[in-house]
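# A structural walkthrough
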Amino acid sequence: MVLIDPKEVFHHNMGAMRAAVEPGFVIKTLIPYNKTFGDNFKRGMVTSINPASNSVTLDNGETVPFTHLYIATGSKGPFPGKLTNPMSVSMEEGKSLYNGIVEQVEKADNIVLVGGGPVGVELAGEIATDYAGKKKVTLVHPHEKIADQNTNDKFQANLKGELEKLGVNLVLGERVSNLDSLPMGCTTQNLNTVKTDKGKEIEANLVVPCTGLRPNASAYQSSLGDQMEKNGSLKVNEYLQVEGHKNIYAIGDCANVKETKLAYNAGCHADLVTKNLENEAKGNELKPYKPSGFFMALSIGRNAGIMTSGGWVMPSWIAKNVKAKQLFVPMTWKNMGQPVPEMKK
């Protein structure tokens, strides 16, 4: 097995929002690959996939052969929700980026978050929790529903209630119309005016983009373009095999499986393709992937959260204990075979 990634570290994305607010937390979200995989880790960016020769080509020109290829390139989006710019970020660069946004949040008095998906919701919760009553936090979203359009009315009422309890101002059903002219991710001395398409004006000295994610197609767009959807995801069959290629799989955000893109679902994909590799080796039939019912867990700072499964909305304390308190940090480091590092005080 060979793992290829342009980053030096695995980015535990579920902790990204806390890393953007709590000083020092970033070290719990960056897990070195080489300590887990040793010589089986190859740092580099895949620039092309060559199905005819069963190989991939890296940005340094190296060719790496494969019998089976698993594409798990995830999604791209703006910082701090994603750490994908640059794609080849190192441990020190990652720490520097998150330490930088922590400083910007600390200096700002009026913060506008643009986009009310999971990233915007969780970042609003982190800021409003850690700076309770000290900062004005506004979340602007073009839809009336936040986090996910598949959630029910009870979920929405509970989620909005938790945010409003923390003092977050929700501006819903309105789209920011002057985003390109606003300074992003840096606190300014003078207030900037965030304008919406419905004429609302909001003053802010820190604007943070939390807009939608898109599949990260950089590794396969030049060679598997015919198997791509318009949004950049790869077309897969019921076994998560890329159309027309029995030994090439796509899992996680880059696969066009009709389900909400969540780390939990990506883990289910990984479990299935691992089991099917074993089935193939034994000559057994492959198991098809069957999406589970809708599930979502969001943290709203460290003291609250919201979780839904199969239409049921759990009490906030359950989401707090399942996700918000530790954000699956201990479990993720354990899975990587490493101890969680101590934060410096």
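The coordinates are above.
Everything in this summary refers to the structure shown in the same document. (Residues numbered from 1 in each chain as written. Predicted model: local features only at pLDDT ≥ 70, side-chain atom pairs only at ≥ 80, totals over all residues. Heavy atoms only, no water.)

## Points about the pairing of strand β19 (residues 305-309)
Rule in force here: Only protein chains enter the accessibility calculation, which uses a 1.4 Å probe; a residue is then buried when its area is under 20% of its type maximum, exposed when over 50%, and partly exposed in between. Per the convention used, a helix needs a DSSP run of H or I reaching at least four residues, while a strand needs a run of E reaching at least two, with both numbered from the N terminus. Between any two strands, at least two bridges found by DSSP are needed for them to pair.
Counting buried positions over the five residues of β19 gives four, a clear majority of the element. Relative to β19, strand β18 (residues 295-299) runs antiparallel, the two sharing five bridges. Counterpart to F295 in the pairing with β19 is S309. Here β18 hands over to β19 after five residues, with G301 in that stretch at a positive phi of 75 degrees. Pairing of β19 with strand β20 (residues 312-314) involves three bridges; the strand directions are antiparallel. Each bridged residue has a counterpart across the sheet, and for S309 the counterpart in β20 is W312. In this structure, the hairpin formed by β19 and β20 is closed by a connection of two residues, where G310 is found at a positive phi of approximately 60 degrees.

## Points about the sheet that holds β18
How we decide: Angles shown run from 0 to 180 degrees and are taken between the N-to-C directions of axes, each axis being a line fitted to C-alpha atoms and, for helices, limited to the stretch in contact.
One open sheet holds the three strands; their spatial order is β18-β19-β20, and the pairing between them is antiparallel. Every other strand in the sheet has two partners, leaving β18 and β20 as the edge strands with one partner each. The mean angle between the axes of side-by-side strands here comes to 15 degrees, regardless of whether they run parallel or antiparallel.

## Points about helix α4 (residues 118-130)
Each turn of an α-helix holds 3.6 residues, which means side chains three or four residues apart point in the same direction. Note the cut-off: Multiply 1.5 Å by the residue count of a helix minus one, and that product is the helix's expected span.
End to end, α4 covers 18 Å across 13 residues, agreeing with the expected 18 Å (1.5 Å per residue, within 8%). With 11 of its 13 residues buried, α4 lies for the most part within the structure.

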